[in-house]
Each structure stands twice: as C-alpha cells, then as structure tokens.
Amino acid sequence: MGAIGASFNRMWAIALNTFREAVRNKVLAILVMFAVALMAFSLVLGQLSLHEEIRIIKDLGLAGISIFGVVIALFLGVNLLSKELERKTVYAIIPKPLHRHEFLLGKYLGLVVTMTALVVLMSVVLWGFLVAQGGHHGVIMVRAEILILLELLLLMAVAMLFSSFSSPWLSAMFAGALWVIGRNTAELEAFAQGKLEDTAGGSLLEVLLDLLPDFRMFFVSGANFDETVVSVHESFVSWAYVGSAAVYAMTYGGMCLVAAVLLFRRRDFV
C-alpha cells in the first residue's frame, strides 16, 4: 500500500498542477462565457415561444454545456500534454522518481477534475436560469448533465490517446472526427445495412462502428440507444441507463489510457 499510496500522491500532484494550469487559461474562460451566453439567449427565445419557455431553456442549456464542453475537452485533451513537450518541462519531470504512466495518468486526472468543475459550474448557471423563469431543475436534468460529463471524460481520454504520439492539430482532428462518427452511429449503421448491404465496404463499416467509441449513447436530445429513448422530456432514461453509460465510458476510456501509456513509454525525450 505504501508504494501505491506514493504513486497516487505523485499523480495527484500532477493533477493539481494540471487543474491550476487549466483554470488560468483565458481560452477556457471565454468558452465557458459563450456557453453561459447561449443559456442567456434561450431566455429570449423562450419569450418568443408559446408556453415552451422552460423546455427551450433546458434544450439550449444542455446543448450549450455539451457543445462547448466538447470544444473544451478537445482543447484541453490535446494541448496540456503538448505544452509540457513544447516548453520541455517534461524533460525535467520524467527523470525524477516519477514514472511515465504516473505523469500521463496524473494529467488525465487533472483534466477530469477540471471538466467536472466546469460542468458543475455551467449546470449551476443553468439551474439559476430555470429558477428565474419559474422552472425546476430536478433529477431528470441531473441525469442529462451526468451523461454529458461522461461523454466529455471519454472524449478527453480519446484525445489524450492521440496526443501521446501525435501533434496537437492532428490529435484534435482525429479525436473530433471520432466524436462526429460516434454521434452518428445509427445513421452510419443504417447506411451500411442499406446502401452497402452484402458488400465488403458495408461489413468493414459495421466492424469499425463496433470498435469506435459510441458517443451517441450520451446524447440527451431524443436519440435512441438499444431501443431506449434518451430525452430530457417526458420519459427519460433511468439511473440504470446512466450507470451502464458510466461503465461504458470508464471501460473504453480506460482502454484508451492504457494504449496512451504504452505509446508514451516508447516516446523518446532524449
């Protein structure tokens, strides 16, 4: 336990430093402000609707957290590690009694703390807007926000996998492309089983869709996942669904981090 505790302490120290570095980033603050501005704009649209003010605030609020959260996840996931390499601070850190996997996992842990804090902050702002309009921010909204957070944590793991061996721009492009594909798995599956049915291309596409991360299961605006309606209105998924999504995110994200560690170990810093 002593060795495990010492290892965790080293990772936690890296995580806290990563969190402090992230929150000082002006780009991050600007993106959060845009998300809040979108929530504020929902108040204007709500006034133009017919008795749908609360629904619009919920929809645009969750959309703002999700969209700007994705941008933040990509920005943090591909930049914080590359900055250590560009500034060559990693050259001073790695030779110390710190294993490479501790450095990488500490970085990801810091990103988890940062993203969780940001989602909580934006959720509190959304709660404020709902209360101001006489709405209610109940358990249904909490489930939706947890699903969004799980999606962002998985996306950051994917981004860190690419950033462990590639440049920031390419890492962002690859991770962003996988997110777009993962959000449209149902359409791609229908295409593979329709237009490409009984073809090698269709079979290959289906195999790829099974291997790539399925971000659609975290989508909170009427998507279908295994015949389950994911919606923040009327019948919403249960806590069991949220739990299964958490298991999926941790399992797939864990595999991405293991691959990232293996690739990072082979990286030459000499």
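Residues numbered from 1 in each chain as written. Predicted model: local features only at pLDDT ≥ 70, side-chain atom pairs only at ≥ 80, totals over all residues. Heavy atoms only, no water.

- As annotated in an unreviewed UniProt entry, the protein carries the name ABC-2 family transporter protein and comes from Enhygromyxa salina.

**Examining the overall build of the protein**
Part 1 of the argument: Broken down by element type, the protein carries 10 helices and 2 strands.
Part 2 of the argument: Tracing the protein from N to C terminus, the helices and strands come up as α-α-α-α-α-α-α-α-α-β-β-α.
Part 3 of the argument: Here the protein holds 270 residues, and 46% of them are scored as buried.
Part 4 of the argument: A sequence separation of at least 24 residues applies to 78% of the contacts in the protein between residues at least 6 apart.
Part 5 of the argument: With the model as given, the accessible surface of the protein reaches about 13700 Å², and the carbon-plus-sulfur share is 68%. (Helix = DSSP H or I, 4+ residues; strand = E, 2+ residues; numbered from the N terminus. Buried < 20%, exposed > 50% of the residue type's maximum accessible area, 1.4 Å probe, protein only. Contact = heavy atoms within 4.5 Å. Areas by Shrake-Rupley, 256 points an atom, 1.4 Å probe, with all protein chains shown as cover.)

**Quick look at a negative patch on the surface**
Part 1 of the argument: Taken together, Glu-189, Glu-197, Asp-198, Glu-206 and Asp-210 make up a surface patch of like negative charges.
Part 2 of the argument: Mapping Glu-197 onto the fold places it in the loop between α8 (185-193) and α9 (200-211). (Patch = residues over 30% accessible without salt bridge, like charges linked within 9 Å, V, L, I, M, F, W, Y side chains within 5 Å. Salt bridge = Lys/Arg side-chain N within 4 Å of Asp/Glu carboxyl O. Lys, Arg positive; Asp, Glu negative; His and termini not counted. Charge placed at Lys NZ, Arg CZ, Asp CG, Glu CD.)

**With respect to the side chain of Ser-166**
Part 1 of the argument: When you line up the elements, Ser-166 lands in the loop between α6 (139-163) and α7 (168-183).
Part 2 of the argument: Apart from residues lying up to four places away in sequence, Ser-166 is in contact with Ser-171 and Phe-174.

**What to know about the packing of aromatic side chains**
Part 1 of the argument: Per the stated rule, a full pass over the model turns up 7 aromatic pairs.
Part 2 of the argument: Ring centres 6.4 Å apart and planes at 45 degrees place the aromatic pair Phe-218 and Tyr-248 in the tilted group. Separated by 30 residues along the polypeptide, Phe-218 in the loop between α9 and β1 (221-225) and Tyr-248 in helix α10 (residues 239-265) bring together distant segments of the chain.
Part 3 of the argument: On the basis of relative accessible area, Tyr-248 is assigned to the partly exposed category, the value being 24%.
Part 4 of the argument: Aromatic ring contacts, followed pair by pair, group Phe-162, Phe-165 and Phe-174 into a single cluster. (Phe/Tyr/Trp six-rings, centres within 6.5 Å; stacked < 30°, edge-to-face > 60°.)

**Quick look at the packing of helix α1 (residues 2-23) against helix α5 (residues 100-132)**
Part 1 of the argument: As a packed pair, α1 and α5 sit with axes 7 Å apart at the nearest point and diverge in direction by 50 degrees. Judged on the interaxial angle alone, α5 and α1 are oblique. Taken as a pair, α1 and α5 cross one another with a handedness that is right-handed. Contact residues: Ser-7, Phe-8, Arg-10, Met-11, Trp-12, Ile-14, Ala-15, Thr-18, Phe-19, Glu-21 and Ala-22 in α1; Glu-102, Phe-103, Leu-105, Gly-106, Lys-107, Leu-109, Gly-110, Leu-111, Val-113, Thr-114 and Ala-117 in α5. (Axes fitted to C-alpha atoms, helices over the stretch in contact; angles between N-to-C directions. Parallel < 35°, antiparallel > 145°, perpendicular 65-115°, else oblique. Left-handed = near helix turned anticlockwise from the far one by under 90°.)

**Description of the environment of Leu-45**
Part 1 of the argument: Structurally, the position occupied by Leu-45 is in helix α2 (residues 26-48).
Part 2 of the argument: Assessed through its relative accessible area of 29%, Leu-45 is described here as partly exposed.
Part 3 of the argument: Remark: the alpha-carbon pair of Leu-45 and Ile-56, spanning 11 residues in sequence, is separated by 7.3 Å.
Part 4 of the argument: Those residues in contact with Leu-45 that lie beyond four places of it in its chain are Ile-56 and Leu-60.

**Details of a nonpolar patch on the surface**
Part 1 of the argument: Where nonpolar side chains cluster on the molecular surface, the patch consists of Val-120, Val-124, Trp-127 and Val-131 and spans about 360 Å² of accessible area.
Part 2 of the argument: Inspection of the secondary structure assignment puts Val-131 in helix α5.
Part 3 of the argument: With relative accessibility at 42%, the residue Val-131 sits in the partly exposed group.

**Remarks on the UniProt feature "transmembrane region" (unreviewed entry) in the protein**
Part 1 of the argument: Per the UniProt record, "transmembrane region" (unreviewed entry) is annotated on residues 27-48, 60-81, 108-132, 144-165 and 239-264.
Part 2 of the argument: Helix makes up 100% of residues 108-132 and strand 0%. Its end C-alpha atoms lie 36 Å apart.
Part 3 of the argument: Secondary structure across residues 144-165 comprises 91% helix and 0% strand; the distance between its end C-alpha atoms is 33 Å. (UniProt positions renumbered as here; feature names shortened; annotations may be inferred.)

**Overview of α9**
Part 1 of the argument: Taking 1.5 Å per residue, 12 residues should reach 16 Å; α9 reaches 17 Å between its end C-alpha atoms and fits that length.
Part 2 of the argument: Of the positions making up α9, those classed as buried are Gly-202, Leu-205 and Leu-209. One side of α9 carries all its buried residues, which in axial view fall inside an arc of 60 degrees. In α9, the exposed positions angled more than 90 degrees off the buried face are occupied by Ala-200, Leu-204, Asp-210 and Leu-211.
Part 3 of the argument: In this fold, the buried residues of α9 make contact with α7 and α8. (Expected span 1.5 Å × (residues − 1). Arc of directions from axis to C-beta.)

**Focus on the pattern of salt bridges**
Part 1 of the argument: With the rule as written, the count across this model stands at 3 salt bridges.
Part 2 of the argument: Among the salt bridges present, the one from Glu-102 reaches Arg-10, with a minimum N-O distance of 2.9 Å. With a gap of 92 residues between them, Glu-102 in helix α5 and Arg-10 in helix α1 connect regions that are remote in the sequence.
Part 3 of the argument: Residue class for Arg-10 comes out partly exposed when judged on its relative accessible area of 28%.
Part 4 of the argument: Across the pair Glu-21 and Lys-107 runs a salt bridge, and its minimum N-O distance is 3.8 Å. Of this pair, Glu-21 sits in helix α1 while Lys-107 sits in helix α5, and the two are 86 residues apart along the sequence.
Part 5 of the argument: For Glu-21, a relative accessible area of 13% puts it in the buried group.
Part 6 of the argument: Residue classification places Lys-107 among the buried positions, given a relative accessible area of 2%.

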